[in-house]
Amino acid sequence: MATLYIVGTPIGNLEDISLRALRILGEVDFILCEDTRVTGKLLSHYNIKTPTISYHEHSSENKVERIIEMLAAGKNLALVSDAGTPGISDPGGKLIQAILEKLDGAVGIESVPGPSAVTASLSISGMPTDKFIFMGFPPHKKGRQTFIHKIMESEWPVVAYESKHRIIKFLEELKKAAKENKEINKKGELEAKPIDLTSVVVCRELSKMHETVYRGEIERIIEKIKASANDQKGEFVVIVGK
Ligand code: SAM
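Just so you know, these numbers come straight off a predicted model, no measurement behind them.

Draft legend 1. Representation of the pairing of strand β10 (residues 200-204) within the structure. For β10, a buried count of five out of five residues is recorded, marking the element as mostly surrounded by other parts of the structure. Side chains V200, V202 and R204 project from β10 onto one buried face, and the interleaved V201 and C203 project onto a second face that is buried too. Pairing of β10 with strand β11 (residues 212-216), which is carried by five bridges, proceeds in the antiparallel orientation. Considered in β11, the bridge of C203 is made with V213. Note that β10 and strand β12 (residues 235-240) share five bridges and pair antiparallel.

Draft legend 2. A look at the environment of A178. Of note, A178 is situated in helix α7 (residues 167-179). Under the relative-accessibility criterion, A178 is labelled buried at 2%. The spatial distance from the C-alpha of A178 to the C-alpha of H149 is 9.0 Å, given a sequence separation of 29 residues. The contact partners of A178, leaving out residues within four places of it in the chain, are M152, K193, P194, I195 and L197.

Draft legend 3. Highlighting the site of the ligand. By nearness alone, 19 residues border the ligand, and D90, S116, A117, Y161 and F236 come closest of all. One of the side-chain N or O atoms of E235 is found 3.4 Å from a nitrogen atom in the ligand. When the free accessible area of the ligand is taken as 560 Å², the share hidden by the protein chains comes to 91%. Of all the secondary structure elements, the ones that give two or more residues to the shell around the ligand are β7 (158-163) and β12. It is β12 that contributes the most residues to the shell around the ligand, three residues altogether. Among the domains, domain 1 (3-112) and domain 2 (117-240) are the pair contributing at least three residues each to the shell around the ligand.

Draft legend 4. Looking closely at the sheet that holds β10. Pairing is mixed in the open sheet, where five strands are placed in the order β6-β7-β12-β10-β11. The open sheet has two edge strands, β6 (133-136) and β11, and neither has a second partner. Shown here is a sheet whose adjacent strand axes are inclined to one another by a mean of 15°, direction ignored. Strands in contact with helix α6 (residues 144-153) are β6, β7 and β12; relative to β6, the strand with the most contacts, it is inclined by about 160°.

Conventions and cut-offs
- In this numbering scheme, every chain counts its residues from 1 along its sequence in written order.
- At least 70 in pLDDT is required for a residue's local features to be given in this predicted model, at least 80 for side-chain atom pairs to be given and counted, and no such filter applies to totals for whole chains, interfaces and linings, which use all residues.
- Processing note: side-chain calculations cover all non-hydrogen atoms of the structure and skip hydrogens and water entirely.
- Exposure is judged per residue with a 1.4 Å probe applied to protein chains only, and the accessible area is read against the type maximum: over 50% gives exposed, under 20% gives buried, and values in between give partly exposed.
- Elements are defined by DSSP. Helices are runs of H or I of four residues or more, strands are runs of E of two residues or more, and each kind is numbered from the N terminus.
- Two strands form a pair only when DSSP identifies at least two bridges running between them.
- What makes two residues a contact is simply this: any of their non-hydrogen atoms within 4.5 Å.
- Distances are taken per atom, and a residue is near a molecule or strand as soon as one of its heavy atoms is within 4 Å of it.
- Contacts described as polar in this section are N or O atom pairs within 3.5 Å, which, within protein, must combine one atom able to donate a hydrogen with one able to accept it, while residues neighboring in sequence count only if both atoms come from side chains.
- Exposure was quantified through the Shrake-Rupley algorithm and a 1.4 Å probe, taking into account, for residues, occlusion by the shown protein chains and nothing else.
- Segmentation into domains, and thus their bounds, comes from an automatic or database assignment.
- Inter-axis angles, ranging from 0 to 180 degrees, are taken between N-to-C directions of lines fitted to C-alpha atoms, where helices are fitted over the stretch in contact.

See the structure below:
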């Protein structure tokens, strides 16, 4: 039976890859990559010569059909994203769904677990992580207020991803929403109930040379990140604790 392996790759440090992931990447017939140039760097670092095929969130149905045909013809494939675990705010889910619809039972789908910015950030957060909510990227426009409201009302720590372009904007919006928070009281009336966002963790550039972790009160974190242009570069995870 042909197998599609969903392979976790580093989120920064190239050493963060499992021995099994390296073996599978070397053994499969083709590697499906979000960006063949990005994965090319990882493959050349480990001297892996497997041919790559591009597969990303905008790939056509035609491409998905061709991937399904390859699996049906017995080819083993690996799916990787640019960083971390495919399917986690990254392409993967749609392809797996299409494969299950067409070839359910006739193809193996195996996880080759590896790093993810969600688990890496939670593991160093110091927060209780037996329950948490992962919300991925905030929407740019439609649904943004609902997204922020959901963070405010969550009982558990919430993890969100953000890019360098919007990190300050997102943190400012969280601060404002917490300050202006309202809740329905016992009389059924909407009442001002500001939230103290004192248990926030922002992780920047995890596992990379400039890894930085900011902890504590949101206002102080915003000040620190704003104070240096360098601190506004890179990739960010925001955890809002309760
Ligand atoms: N699939 C990936 C995973 O498993 O974490 C996530 C891909 S998503 C397109 C990219 C986002 O993940 C970045 O914008 C950032 O929010 C977060 N991220 C990825 N690598 C990171 C790192 N080294 N440090 C901090 N955040 C990171």
